[in-house]
Amino acid sequence: MSIKSLAGQTIYYGFSNIASKLLNYFLTPLYLELMTQASYGEMSTVYAYVPFMNIILTYGMETAFFRFAKKENSQSVLSTSTISLLFSTISFTIILLLFRGSIINSYIGELGGLGGHPGFYTSLVLIMAFDALTAIPFAQLRMENRPVRYAFIRLTGIITTIAFNVIFLVVIPKLYAAGHTWLPEIRPGGNQLGYVYLSNMLGSGVTFLLFLPQLMRISWKFDKVLWRQMLNYSVPLIFFGMAGMVNETFDRAWFLPEFLPGNDLNDKKELIGIYAANYKLAILITMFIQAFKLGAEPFFFKQAEGKDPQKMYARIMKLFVVLLCMMFLFVGLYLNVWKIFLRKPEYYPGMKIVPILLLANMFLGIYYNLTIWFKLTDRTKTGAMITIVTAVLAFLLNWWWIPVMGYLGAALATMACYFVQMAICYVLGQKYYPVPYHLPRILTYILGAVGTFYVYDLLNRTLFSPRDIYALSPLSLTVATVFFCAYIWFLLKMEKKEFSRLPFIGKYIAKI
């Protein structure tokens, strides 16, 4: 497979992923408009825990599927991993429902607004169950290079979620206010969140139903020997994933609630709401990273069978960083436009964390690219140790910085942890699976992007808009565009040869 093949897969899978993420993120302005600040903080807290449970429920089987499908009989790998996830998901779901009362009445349950609402919790458990059961079917479509069906199912689930959100949060309240009192009364700060979770559950349920024909075609044969081998490979990925989630979501799930000064629960919910809303502005980098992962993981495993794959990995990394830097500036330079996404002025003070989180996500994306070395060399335990080390660092930095700087401290801790995680992974990767990364150019591009942003930010603060740095003025918008275009021109000149090889756009770049 060539780099064009990877670009094509990233575009195909990226389109469906970005489209679904964009559709889903369009719900955020709706939530911010209709919900109270505290309610949005409650929802953000709850959804911060969902990725942790997804890691436990899937326990690395998706990555193990990609790894073993190329080494063993692919049908046996498919049936064994599917059966394993089916039985484990059913078991975990029963356990989570049995402990429903204890969980929703805990401190975290109260912080997440679950107290007194067992139906909220049941919807969340079913969301996680459906997502776990569809992990292998989605992986199968990626392995078989079926992006159209992948996109159709992904988008159908998201559109279903959005449709029910609009029905429950907009249509029904308007009909109720118009006198249709036979409909449920959906109140902000009351039962509103329950209908958000119900909408998500219905979307996940529809996704699962669309996979039923595919699941019914599986041979349903369970290979115990293969299963043990897959578990030996995948179980360390649980610790790898859990520790990674400490950096990605634990700031909202536990660090901010625990370390923010004061004892007023509502104040903490509102601050978490501000932090979570601004966290969403890192959307484009996050979406691209996810799209890249979807295309790259099967590509990397297949590429490893070819001749000298390390050179290909190095080229991919360089192009990946180039695109990340472009997205960093696209969001960072136009924050005065992106603030429209936040809907209400009370969320604007949190925009100071956006550039920090954008840079943090750049480091995270590079880290994901680097992790191929321990997946290819079966050193998943080493990968788990890296993330455990950075998880400990995350705890220490958040404990230190949040009481002093509030949610700004959480953002800085996230960036520092991702940087350390990336650096450790690079150093160990060069020891066990050397890849000739173009380090001088990569550093130049990253420092150039960061420098461009902060020069513009300094000019904006001191000259263009000192009283309101996020004001949408013609002058600041023009200068931001000049800076952005100048950086793009610099990249195209530096990497003209590489970009000219890309599918679709290469022939146009070659003419520059």
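Up top is the structure.
In what follows, the accompanying structure is described. (Residues numbered from 1 in each chain as written. Predicted model: local features only at pLDDT ≥ 70, side-chain atom pairs only at ≥ 80, totals over all residues. Heavy atoms only, no water.)

### Points about the nonpolar core
Membership of the largest hydrophobic core comes to 156 residues, with the highest contact counts inside it found for Tyr40, Tyr197, Tyr275 and Phe328. With 15 residues, the single largest contributor to this core is helix H16 (residues 309-332). Non-local contacts of Tyr40, meaning those with residues more than four positions away in its chain, are made with Thr28, Tyr31, Leu32, Met35, Gly273, Ala276, Ala277, Lys280 and Tyr347. In terms of nonpolar packing, the next biggest core, distinct from the first, is built from five residues, Ile172, Leu183, Ile186 and Tyr195 among them. (Core = buried A, V, L, I, M, F, W, Y, C linked by side-chain atoms within 4.5 Å. Buried < 20%, exposed > 50% of the residue type's maximum accessible area, 1.4 Å probe, protein only. Helix = DSSP H or I, 4+ residues; strand = E, 2+ residues; numbered from the N terminus. Contact = heavy atoms within 4.5 Å.)

### Side note on unusual backbone geometry
A positive phi angle is found at Tyr59, which is not glycine, with a value near 35 degrees. Its place among the elements puts Tyr59 in the loop between helix H3 (37-58) and helix H4 (61-69). Even without being glycine, Trp220 reaches a positive phi, approximately 55 degrees. Relative to the helices and strands, Trp220 resides in the loop between helix H11 (192-216) and helix H12 (224-248). In this structure Trp220 comes out as partly exposed when scored by relative accessible area, which is 36%.

### Re the pattern of salt bridges
Tallied over the full model, the rule gives eight salt bridges. The salt bridge involving Glu42 is made with Lys269; its shortest N-O contact spans 2.6 Å. A residue pair is termed long-range when its members are at least 10 positions apart, and Glu42 in helix H3 and Lys269 in helix H14 (residues 265-279) qualify at 227 residues. The class for Lys269 is buried, based on a relative accessible area of 10%. The residue Glu62 makes a salt bridge to Arg142 at a minimum N-O spacing of 2.8 Å. You can see Glu62 sitting in helix H4 and its partner Arg142 sitting in helix H9 (residues 135-143), a full 80 residues away along the chain. We classify Glu62 as partly exposed; its relative accessible area is 28%. (Salt bridge = Lys/Arg side-chain N within 4 Å of Asp/Glu carboxyl O.)

### Looking at the packing of H9 against H11
Running from amino to carboxyl end, H9 crosses H11 at an angle of 60 degrees, the nearest separation of the two axes being 10 Å. As H9 packs across H11, the resulting crossing turns out to be left-handed. Between H9 and H11, the contacting residues are Pro137, Phe138, Gln140 and Leu141 on the first element and Thr207, Phe211, Gln214 and Leu215 on the second. Here the contact of H9 with H11 is composed, by residue class, of five nonpolar, three polar and no charged. (Axes fitted to C-alpha atoms, helices over the stretch in contact; angles between N-to-C directions. Left-handed = near helix turned anticlockwise from the far one by under 90°. Nonpolar A, V, L, I, M, F, W, Y, C, P; charged D, E, K, R; others polar.)

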